[in-house]
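If you want the building blocks of each chain, they are given just below.
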Number of protein chains: 2
Amino acid sequence: MSSAPAVVLAAAARRTERIRLTSAVSVLSSDDPVRVFQDFATLDLLSEGRAEIMAGRGSFIESFPLFGYDLADYDSLFTEKLELLLNVRDHEHVTWSGKHRAPIDSRAVYPRPLQEQLPVWIAVGGTPESVTRAATLGLPMALAIIGGLPERFAPLGQLYRRTASRRHQTIPPMSLNMHGYLAETTSDAIDESYPRHAAVMNKIGLERGWPPATREDYEEQCTLRGAYLVGDATAVIEKILYQHEFFAHERLLIQLSVGTMPHDSMMRAIEILGTEVAPAVRAEVARHNAAAS
Amino acid sequence: MSSAPAVVLAAAARRTERIRLTSAVSVLSSDDPVRVFQDFATLDLLSEGRAEIMAGRGSFIESFPLFGYDLADYDSLFTEKLELLLNVRDHEHVTWSGKHRAPIDSRAVYPRPLQEQLPVWIAVGGTPESVTRAATLGLPMALAIIGGLPERFAPLGQLYRRTASRRHQTIPPMSLNMHGYLAETTSDAIDESYPRHAAVMNKIGLERGWPPATREDYEEQCTLRGAYLVGDATAVIEKILYQHEFFAHERLLIQLSVGTMPHDSMMRAIEILGTEVAPAVRAEVARHNAAAS
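Residues numbered from 1 in each chain as written. Chains lettered and ligands numbered in written order. Predicted model: local features only at pLDDT ≥ 70, side-chain atom pairs only at ≥ 80, totals over all residues. Heavy atoms only, no water.

Colleague: Mind showing me how you'd approach the overall build of chain A here?
Modeller: Broken down by element type, chain A carries 10 helices and 10 strands. Relative to a compact globule of 293 residues, whose C-alpha radius of gyration would be 19 Å, chain A shows 20 Å and is just as compact. The principal-axis extent of the C-alpha atoms belonging to chain A is close to 60 × 50 × 40 Å. A burial count over chain A gives 49% of its 293 residues as buried. Nonlocal contacts in chain A, meaning residues at least 24 apart in sequence, comprise 67% of its contacts between residues at least 6 apart. For chain A, the exposed area adds up to about 14,100 Å²; of that, 53% sits on carbon and sulfur atoms. If you average the places of the 29 positive and of the 36 negative side-chain charges in chain A, the two averages end up 4 Å apart. (Helix = DSSP H or I, 4+ residues; strand = E, 2+ residues; numbered from the N terminus. Rg over C-alpha atoms; globule rule 2.2 N^0.38 Å. Buried < 20%, exposed > 50% of the residue type's maximum accessible area, 1.4 Å probe, protein only. Contact = heavy atoms within 4.5 Å. Areas by Shrake-Rupley, 256 points an atom, 1.4 Å probe, with all protein chains shown as cover. Lys, Arg positive; Asp, Glu negative; His and termini not counted. Charge placed at Lys NZ, Arg CZ, Asp CG, Glu CD.)

Colleague: Before we go on, may I ask you to explain the interface of chain B and chain A in this structure?
Modeller: Accessible area lost upon the coming together of the parts is a frequently used measure of interface size. The interface of chain B with chain A comprises 33 residues on the first partner and 33 residues on the second. For the chain B and chain A pair, buried surface summed over both sides reaches about 2,800 Å², with 59% attributable to carbon and sulfur atoms. Our enumeration of links across chain B and chain A arrives at two salt bridges. A:Arg35 is the salt-bridge partner of B:Asp31, the closest N and O atoms lying 3.1 Å from each other. Those elements giving two or more residues to the side of chain B that touches chain A turn out to be α1 (5-13), α2 (33-46), α3 (63-66) and β5 (104-108) of chain B. Per-element accounting of the side of chain B that touches chain A gives the leading share, seven residues, to α2(B). Class assignment of the residues belonging to the side of chain B that touches chain A gives a composition of 20 nonpolar, five polar and eight charged. (Buried area = accessible area lost by both parts, 1.4 Å probe. Salt bridge = Lys/Arg side-chain N within 4 Å of Asp/Glu carboxyl O. Nonpolar A, V, L, I, M, F, W, Y, C, P; charged D, E, K, R; others polar.)

Colleague: Would you mind going over the environment of A:Gly68 with me for this structure?
Modeller: Along the chain, A:Gly68 falls in the loop between α3 (63-66) and α4 (74-90). Placed 125 residues apart in sequence, A:Gly68 and A:Ser193 show a C-alpha to C-alpha distance of 37 Å.

Colleague: Even after reading the chapter, I still don't get the relation of the copies chain B and chain A, so can you show me in this structure?
Modeller: Relating the two copies of this chain is a rotation about some axis coupled with a shift parallel to it. The transformation that overlays chain B on chain A combines an axial shift of 0.0 Å with a rotation of 180°, and the residual RMSD is 0.0 Å. When the rotation and shift are considered jointly, the pair of chain copies conforms to a two-fold rotation axis. (Least-squares fit on C-alpha atoms with pLDDT ≥ 70 in both.)

Colleague: When you look at the nonpolar core in this model, what are you seeing that I'm missing?
Modeller: Generally speaking, nonpolar side chains in soluble globular proteins are found buried as a group. A:Leu43, A:Leu82, A:Val277, B:Leu43, B:Leu82 and B:Val277 are the most contacted members of the largest nonpolar core, which has 153 residues in total. Excluding anything up to four places from it in sequence, B:Leu82 contacts B:Leu28, B:Val120, B:Ile122, B:Arg133, B:Leu137 and B:Leu139. (Core = buried A, V, L, I, M, F, W, Y, C linked by side-chain atoms within 4.5 Å.)

Colleague: What is the right way to read the layout of surface pockets from this model?
Modeller: By rolling a water-sized probe across the atoms, one finds the places where empty space is left. By volume, the second largest pocket amounts to about 500 Å³. Lining the second largest pocket are 24 residues; nearest its centre among them are A:Asp32, A:Tyr69, B:Asp32, B:Phe67 and B:Tyr69. For the lining of the second largest pocket, the per-class residue count stands at seven nonpolar, five polar and 12 charged. (1 Å grid on protein atoms, 1.4 Å probe; cavity = no way out; pocket = protein on both sides within 12 Å on 5 of 7 lines; lining within 4 Å. Points joined across faces, edges and corners; volume = space filled by probe spheres on them.)

Colleague: Help me understand the environment of B:Ile254, please; the structure alone is not making it clear to me.
Modeller: Residue and element names in this part refer to chain B. Within the secondary structure layout, Ile 254 lies in strand β10 (residues 251-256). Taking the C-alpha atoms as reference points, Ile 254 and Ile 272, 18 residues apart in sequence, are found 13 Å from one another. With near-sequence residues (within four places) excluded, Ile 254 lies in contact with Met 178, His 179, Gly 180, Leu 229 and Leu 273.

Colleague: Help me understand helix α1 (residues 5-13) of chain A in this model?
Modeller: It helps to recall that an α-helix has 3.6 residues per turn; residues three or four apart then point in one direction. By the burial criterion, the buried members of α1(A) are A:Ala6, A:Val7, A:Leu9, A:Ala10, A:Ala11 and A:Ala13. Elements in contact with the buried residues of α1(A): β1 (21-22) and α2 (33-46) of chain A together with α1 and α2 of chain B.

Colleague: So what exactly am I meant to see when it comes to the packing of helix α9 (residues 233-247) of chain A against helix α10 (residues 263-292) of chain A here?
Modeller: Packed helices, taken two at a time, are described by the angle their axes make and the gap between the axes. All names here are of chain A. At a minimum axis separation of 10 Å, α9 and α10 run at an interaxial angle of 35°. Between α9 and α10 the crossing geometry is right-handed. Seen from α9, the contacting residues are Ala 233, Val 236, Ile 237, Ile 240, Leu 241, His 244 and Glu 245; seen from α10, they are Ile 272, Glu 276, Val 277, Ala 280, Val 281, Glu 284, Val 285 and His 288. When the residues that make up the contact of α9 with α10 are grouped by side-chain class, the tally is 10 nonpolar, two polar and three charged. (Axes fitted to C-alpha atoms, helices over the stretch in contact; angles between N-to-C directions. Left-handed = near helix turned anticlockwise from the far one by under 90°.)

Colleague: Explain unusual backbone geometry to me, please; I cannot follow it from the model alone.
Modeller: Peptide bonds are trans in most cases, and residues, glycine excluded, mostly fall at negative phi. With omega at 0°, the peptide bond leading from A:Tyr110 into A:Pro111 counts as cis. Secondary-structure assignment places A:Pro111 in the loop between β5 (104-108) and β6 (120-124).

Colleague: Help me understand the packing of α2(B) against helix α4 (residues 74-90) of chain B, please; the structure alone is not making it clear to me.
Modeller: Residue and element names in this part refer to chain B. The N-to-C vectors of α2 and α4 enclose an angle of 45°; their axes lie 9 Å apart at closest approach. One way to sum up the angle between α2 and α4 is to call them oblique. As for the relative orientation of α2 and α4, their crossing is right-handed in sense. Residues Pro 33, Val 34 and Phe 37 of α2 form the contact with α4, whose own contacting residues are Lys 81, Leu 84, Leu 85, Val 88 and Arg 89. (Parallel < 35°, antiparallel > 145°, perpendicular 65-115°, else oblique.)

Colleague: For this particular structure, what's the right way to read the pattern of salt bridges?
Modeller: Two side chains bearing opposite charge may form a pair once their charged atoms approach each other closely. Per the counting criterion, the structure on display carries 28 salt bridges over all chains. A salt bridge links B:Asp90 to B:Arg89; the shortest N-O distance between them is 3.1 Å. Residue B:Arg215 is joined to B:Glu219 by a salt bridge in which the shortest nitrogen-to-oxygen separation is 2.7 Å. Placement of the pair is B:Arg215 and B:Glu219 together in helix α8 (residues 215-221), with a separation of four residues, close to one helical turn. In the salt-bridge network here, residues are joined through shared partners; they are A:Arg20, A:Glu52 and A:Arg251.

Colleague: Whenever I open this one, the side chain of B:His100 confuses me. Can you help?
Modeller: Residues and elements named next belong to chain B. Along the chain, His 100 turns up in the loop between β4 (93-96) and β5. A polar contact of 2.8 Å, which involves the side chain of His 100, links it to the side chain of Ser 76. Sequence-distant contacts of His 100, that is, excluding residues within four places in its chain, are made with Tyr 69, Asp 73, Ser 76, Leu 77 and Glu 80. (Polar contact = N/O pair within 3.5 Å; in protein donor to acceptor, adjacent residues only side chain to side chain.)

Colleague: Explanation requested: helix α5 (residues 128-137) of chain A in the structure shown.
Modeller: All names here are of chain A. Every buried residue belonging to α5 is among Ser 130, Val 131, Arg 133, Ala 134 and Ala 135, and all of these are buried. Looking at the buried residues of α5, the elements they touch are α4, β6, β7 (141-144) and α6 (154-167). Note on α5: the residue one or two positions beyond its end, Gly 138, has a positive phi of about 70°.

Colleague: Hey, could you run me through the environment of B:Gln169 in this one?
Modeller: The topology assignment puts B:Gln169 in the loop between α6 (154-167) and β8 (174-182). Taking C-alpha positions, B:Gln169 is 9.4 Å from B:Gly138, a pair spaced 31 residues apart along the chain.

As structure tokens, this is what we get:
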């Protein structure tokens, strides 16, 4: 498991005009923050200001031994590299020193992005310390929920907003990052997505010792309180609004299908999402916010 | 001065169908060969097999202090990182150890490229040791000639072929990498390209203590024996064939203009190159080779 997110996003940059280009997730801990910044600054120039970095400690840890990092430094690596990334983002000339990377003595880093400040999101799993760090730094947070009962993560959202509000005048946006898939009917959505999902999960599971995926578990995750945004437009709208009651999140990022889907099916899922789900959710959230204020 | 070549090339991959996507130059010495491989393997998948890596020691050395490398290791860094790059290219599971990078103990590196073997070219300036290294490893060589009298570099081409023929059954191709620009007339080509060229060269020269660019020097480089492939189709064809007498190179890579050109002018230069120069050069070289055999 590995990838070159900015390379893939650059290809997407030339085929799109409006969507934001975000990595999910750049494993900063085992990468060089200066290179990550340069890659995404280049992407920002190519996409006319649509790039953003989503930085995380990484749940896949294969990259640590490959690049010579010690898992014992899991947390201090991320802390330090995030600090350097923000330094490079906020200064054209960088002076920095730390424990895990060679120091930089007043060196210019190019290219600079088109956006005045390249957005850096912090992607977190379920670790409260990660939530506190994002909030303390005043960085937007993306909470990845790919299993279990999403509503159980609600306290992390509260922790984030409470911590951020103590330190910063404005609370940065929060995103939920989830798996999902849409079709004409909920049973179509499940029938089409499950075999692909199971194939990928079982392949990864072999290396990680997970139990085999079952259709029963999958269907359970596709119900209102489950973690997958899989269904027809009505079911997914209802589910997003249900989760919004707990999180009041400003953004939702859906990985459309785990595993390879036929191109036509993906295009259809995107169309349902853009033409039916997103407008309905936006309207309902706006109505709700207006009523609350 | 820095860049994210695979990111830029990925954008180009989605706008083109046939041209090869090559970096000129990936400064391997101050980068991680595993990441470089992953970036270009991703690019290869995105472009359906059109990626190649052009690896060099780098004539711009700003990246060394930025990434914590010592210029005293200029040569050993490149040797070692090239060795790792070829190891990763040729093996899905890598075991490697060296002086300048953490060891790898039987780790898989993904993604793998579409091409069975991702091409790795060695870009050289004028150093005989670099030529010998490329030839000894049996790697194709790109000789960058961006000033002086190109014909003076001919002995490097001979050294390359002599060394390669002693070690390998087939001699890999050789490329000349040069600056150039084409227009309807040679004076148009010079008038349009000189101001841009001078602006870039003077900007870089300020940091490096070069003397200011002059129109006189530029025009000299645009003559038959000079280093810039600037002119109308006839002049550039004649010049390429003149150089071919010295080098018998299998490939020519032209950086079309130094500095920013209007888009229309670039498209026109590419058109002249593709419709007039390339066919004439290919025909003449084929005729020449047929006569010689």
